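# Fold and geometry: a report
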Amino acid sequence: LVPRRGRGPCGPPTMSALFDVPSLLVVLLLFICTTTYLRSLRKNLFERESKNSFLRLCWKASRVGERLSPWVGGLCMVMAVHLIFIK
């Protein structure tokens, strides 16, 4: 697959987050953090036995966020430093 390239506001080509690994990690971390936060507000929002596959994916992401919260928080800090100072 060839990445679809468009023109950014300054002229250089831009890439989708699906083809850029750091951006994909940021999207994944934000998804995990968001589902964990929403599940902390309402415990029965995401059910394990849900027929909807997206809700099941949200349940799995929220469990990852609950069980690995120190690691997820550390990765969020690393990605923040990467985005602010390196990128």
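Described in the following lines is the structure provided in the data block.

Conventions we followed
- Along each chain, the written sequence defines residue order, and numbers are assigned to residues from 1.
- Local features in a predicted model are, by the rule used here, given only for residues with pLDDT of at least 70; side-chain atom pairs are given and counted only at 80 or more, and totals for whole chains, interfaces and linings are based on all residues.
- Side-chain numbers come from the whole structure's heavy atoms, not from hydrogens or water.
- One side-chain nitrogen of Lys or Arg within 4 Å of one carboxyl oxygen of Asp or Glu is enough to make a salt bridge.
- Runs of H or I in DSSP of at least four residues are treated as helices and runs of E of at least two as strands, each being numbered from the N terminus.
- Note on classification: 1.4 Å probe, protein chains only; a residue is buried when its accessible area is under 20% of the maximum for its type, exposed when over 50%, partly exposed between these limits.
- We call two N or O atoms a polar contact when they sit within 3.5 Å, provided that within protein one can donate a hydrogen and the other can accept it, with sequence-adjacent residues counted only if both atoms are side-chain atoms.
- Residues are treated as being in contact if the distance between any of their heavy atoms lies within 4.5 Å.
- Working definition of a nonpolar core: buried Ala, Val, Leu, Ile, Met, Phe, Trp, Tyr and Cys residues. They are joined through side-chain atoms within 4.5 Å.
- Note on ring pairs: Phe, Tyr and Trp rings are taken, using the six-membered ring of Trp, and paired if centres are within 6.5 Å. Classes follow the plane angle, with under 30 degrees stacked, over 60 edge-to-face and the rest tilted.

### Describing the pattern of salt bridges
Counted under the stated rule, the structure contains two salt bridges. Where R39 meets E66, a salt bridge forms, and the shortest distance between an N and an O atom there is 2.9 Å. One end of the pair, R39, is in helix α1 (residues 21-41); the other, E66, is in helix α2 (residues 53-67), and 27 residues separate them in sequence. Under the relative-accessibility criterion, E66 is labelled partly exposed at 30%. Here the residues in one salt-bridge network are R39, R63 and E66, joined through shared partners.

### Focus on the side chain of T35
Along the chain, the position of T35 falls in helix α1. A polar contact is formed between the side chain of T35 and the backbone nitrogen of S62, at a distance of 3.4 Å. What T35 contacts, discounting residues up to four positions off in sequence, is F46, C58, A61 and S62.

### Considerations on the nonpolar core
Ranked by size, the top nonpolar core spans five residues in total: L29, I32, A61, V72 and M79. Among the secondary structure elements, those contributing two or more residues to this core are α1 and α3 (69-86). V72 has contacts with L29, I32, C33 and V64, leaving out every residue within four places of it along the chain.

### A word on the packing of aromatic side chains
This structure, assessed with the given rule, holds one aromatic pair. Each ring, one from F31 and one from F54, has its centre 6.4 Å from the other, and the planes form 50°; the classification is tilted. Placement of F31 in helix α1 and of F54 in helix α2 is noted, with a sequence separation of 23 residues between them. Note on F31: relative accessible area 26%, which makes it partly exposed.

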